[in-house]
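A closer look at the structure
The lines below spell out each chain.
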Amino acid sequence: MTHVDPVCGMPVAEKKAIQLERGDRRLWFCSEFCKQEFLKHPLAYEVAVPAHGPESVDWPGRRVAYFSMEVALANDIPTYAGGLGVLAGDTLRSCADLAVPVVAVSLVHRRGYFKQEIRDDRQFEHDAPWAPEGRLTAVSPQATVEIEGRSVSVRGWRYDISGSTGYTVPVLLLDTDVSDNPPEDRRITDQLYGGDDRVRLMQEVVLGVGGVRLLQALGCTGLETFHLNEGHAALAPLELLRSVPQADGWEFASVRNRTVFTTHTPVAAGHDRFDSALVSQVLGDFVGRDVLGMLGGADRLNMTHLALNLSHYVNGVALRHREVSSEMFPEYEIHQVTNGIHARTWTSATFMALFDRHIPGWRSDPMMLRNAIALPPADVWDAHERAKDALVEQVTHRTGRRLRRDVLTLGFARRATAYKRATLVLSDLAALRAIAREHPLQFVFAGKAHPKDESGKEGIRSILRAARELGDDVPVVYLAEYDLDLALTLVSGVDVWLNTPLRPQEASGTSGMKAALNGVPSLSVLDGWWREGCVEGATGWAIGAASSDSAVDTSRADALDLYRKLEQIVAPQFYRDRDGWARIMRQAIGVNASFFNTHRMVRQYMAHAYSRGVER
Ligand SMILES: *Cc1c(COP(=O)(O)O)cnc(C)c1O
């Protein structure tokens, strides 16, 4: 038996230790020196000081402030809408594991995003209220921002993300529901992506300006990097710029040297632009028209341009996305840090047990998952079958429909919006039926459409109509309320993860990475992360050409290629070559899960994006 010497901290074997009884405790020392030292200063050595206790967030020690409009903290906290928020949550979970001194800032979203109900062939939306009181720790003091000439109080709630070694990353959720604010201002931080442009701009004032001021009020004096996860928080560096005295000129360079900007989408709707009249109304004379116009655009405030102009390091979220972003913003140098997922969070229970058995250490170092390449294929298949059982159960529980465990099951779940083309695989039902006569198929869909995204909602309607038409020939189910828990059940329980975005609009995509971690290969258009993750026939399969003229609609050609691959390669392999299939599964883990994780990603941000601030 080995103990730890309370004085020097070295391990001591019980047989060789010098023992000491103290009350009802027994202590073991390596040497007489340590025992005497202990008796001289018992209090100094006896009190076990937790390295990182829940109350010990050292605000001055934080080096990086990470700003994100959405962040997925837990399944029952509805402060996220999709991939951006899940990425933010996974990033912070890895920061906590790796003890990176980060503090995160987001909004409290008391009414959540929305709750989705699927009924009568369509989506219905309901409020998703939650209460931070009792769940989170209120921080003091508060901060104040000016909105439309009013002084608006902003308070913060602290959610602690505890890493695998006990290190804590605090997340501040900003809240304007403060009694000294007038009723309308109390609702500013209520709903994620709700409301009109005016509400959105007010939320961005709270996030960027309120965030910086609250961090200052809390005593975060050591911040060297402000990381903007998407352009929503671009007012943060503007607040840094505004708040330093301009007697010796504007501090453009020093603000820029501290700011990092990650852009997340080539889709226009993902880049906020605000009319100048609205900007004047909401911001007033925040920095002066000339400076704001110079940095963010003269006629409209473009939050992406503002972020680009105030950051020293700008990155896209996959190699391909870097190319696309460089074409969009040719004046700027754009780097890339390919996205990842938090490995422990996205591993199903059965694969956790499998990895624990064969790859000890994978939880704290997911790079070790490369050793999955040598997992016994039968064990991999067995773990998958049990994950599939869990999905089949879940589908029955939610829809009353019983899927078959022995049938090739394809999954498709992500935000329901036009460029994701969820309906591509259902674009020719006769072709699909023909394939399924030879090789039975079934599909599981999920995803929410933003309440104002009419084409996204129409996509859900056409899937539901196709499902009815296909009946039992090709069972298709649509599961409501896509969230973190359902995502894990889906990515681990299906046999193939399908992704058919319109090139080049998928910046990265992360659900396919979650699938790979659970041994599920992707069948996907070559866009986003799949350009890096696809090794044809080894980690999954590509649909369509590697690149295409984005002005040409490739939907018909992509659909034909999808049906051809499914019929001639994927389905025959699944039904006739189980060993070969299990090899593909372990290659998906070994090749892709070992790389596409947020531990690797956070280390790259530290090496390439945060280091400049740290050196200064
Ligand atoms: C992972 C995840 C996403 C992002 O999926 P993409 O493939 O990147 O579109 C969205 N929503 C939830 C709930 C997720 O878990």
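Cut-offs applied
In every chain, residue numbers begin from 1 and rise along the written sequence. Reporting of local features is limited, given that this is a predicted model, to residues whose pLDDT is at least 70; pairs of side-chain atoms are given and counted only at 80 or more, and all residues count toward the totals for whole chains, interfaces and linings. Note that the side-chain values use all heavy atoms of the structure and ignore hydrogens as well as water. Structural elements are reduced to axes, namely lines fitted to C-alpha atoms, with helices fitted over the stretch in contact, and the angle between N-to-C directions of any two is expressed from 0 to 180 degrees. Each helix corresponds to a stretch of at least 4 residues labelled H or I by DSSP, and each strand to a stretch of at least 2 residues labelled E; elements are numbered beginning at the N terminus. What sets the label is the angle itself: under 35 degrees gives roughly parallel, over 145 gives roughly antiparallel, 65 to 115 gives roughly perpendicular, and the rest give oblique. Only heavy atoms enter the contact rule, under which two residues are in contact if any of them lie within 4.5 Å. Gly is put with the polar residues, along with every residue not named as nonpolar or charged; the nonpolar set is Ala, Val, Leu, Ile, Met, Phe, Trp, Tyr, Cys and Pro, and the charged set is Asp, Glu, Lys and Arg. Think of it this way: a Phe, Tyr or Trp ring, Trp meaning its six-membered ring, pairs with another when their centres are within 6.5 Å, and the plane angle makes it stacked under 30 degrees, edge-to-face over 60, tilted otherwise. With a 1.4 Å probe rolled over the protein chains alone, any residue whose accessible area is under 20% of its type maximum counts as buried; one over 50% counts as exposed, and the rest are partly exposed. A ring has a charge above it when a Lys NZ or an Arg CZ is no more than 6 Å from the ring centre and no more than 35 degrees off the ring normal. By arc we mean the arc of the directions from the helix axis to the C-beta atoms, nothing more. Per-residue confidence from the predictor is reported as pLDDT, a score between 0 and 100. Residue proximity to a molecule or strand is established when one non-hydrogen atom of the residue lies within 4 Å of it. Whenever two N or O atoms come within 3.5 Å, that pair is a polar contact, provided that in protein one can donate a hydrogen and the other can accept it, and provided that, for residues adjacent in sequence, both atoms are side-chain atoms. Reported accessibility uses the Shrake-Rupley method at a 1.4 Å probe radius. Residues are deemed covered only where the shown protein chains occlude them. Where a domain begins and ends is set by an automatic assignment or by a domain database.

On to the packing of helix α13 (residues 377-399) against helix α20 (residues 578-593), then. Each pair of packed helices can be described by the angle between their axes along with the distance between the axes. For the pair α13 and α20, the least separation of the axes is 9 Å and the interaxial angle reads 80 degrees. Comparing their axes, α20 and α13 come out roughly perpendicular. Taking contact as the criterion, the partners of P377, V380, W381 and H384 in α13 are, on α20, R578, W581, A582, M585 and R586. For the contact of α13 with α20, a count of residues per class yields 6 nonpolar, 1 polar and 2 charged.

The final tally for this structure, using the stated rule, is 18 aromatic pairs. Where W250 meets F252, the ring centres are 5.9 Å apart and the plane angle is 15 degrees; that geometry is what we call stacked. Taken together, a centroid distance of 5.7 Å and an interplanar angle of 35 degrees make the contact between F412 and F445 tilted. With F412 in strand β18 (residues 408-413) and F445 in strand β19 (residues 441-446), this residue pair connects regions lying 33 residues apart in the sequence. On the accessibility criterion, F445 (1% relative accessible area) is buried. Taken together through their ring pairs, the aromatic side chains of W381, W541, F574, Y575 and W581 make up a single cluster. When the ring centre of F124 is taken as reference, the NZ or CZ atom of R122 above it lies at 4.0 Å. Above the face of the F114 ring, K448 is positioned so that its terminal group lies 5.1 Å from the ring centre.

Listing the buried residues of helix α11 (residues 319-328) in full gives R320, H321, V324 and S325. One side of α11 carries all its buried residues, which in axial view fall inside an arc of 130 degrees. Buried residues in α11 make contact with β16 (313-316) and α18 (530-533).

Of all residues in the protein chain, 97% attain a pLDDT of 70 or more, and the chain-wide mean is 94. A low-confidence stretch, residues 49-53 stays under pLDDT 50, and its non-local contacts, those more than four residues away or across chains, total 5 contacts.

In the vicinity of the ligand lie 13 residues, with K420, G509, T510, S511 and K514 positioned nearest. Residue S511 places a side-chain N or O atom 2.5 Å away from an oxygen atom belonging to the ligand. In the model, an oxygen atom of the ligand is placed 2.6 Å from a nitrogen or oxygen of the K514 side chain. Against a free-state accessible area of 390 Å², the protein chains account for coverage of 96% of the ligand. Secondary-structure elements contributing two or more residues to the shell around the ligand are α3 (83-97) and α17 (511-517). Residues lining the shell around the ligand come from more than one domain, with at least three contributed by each of domain 2 (59-110 + 138-340 + 602-608) and domain 3 (349-595).

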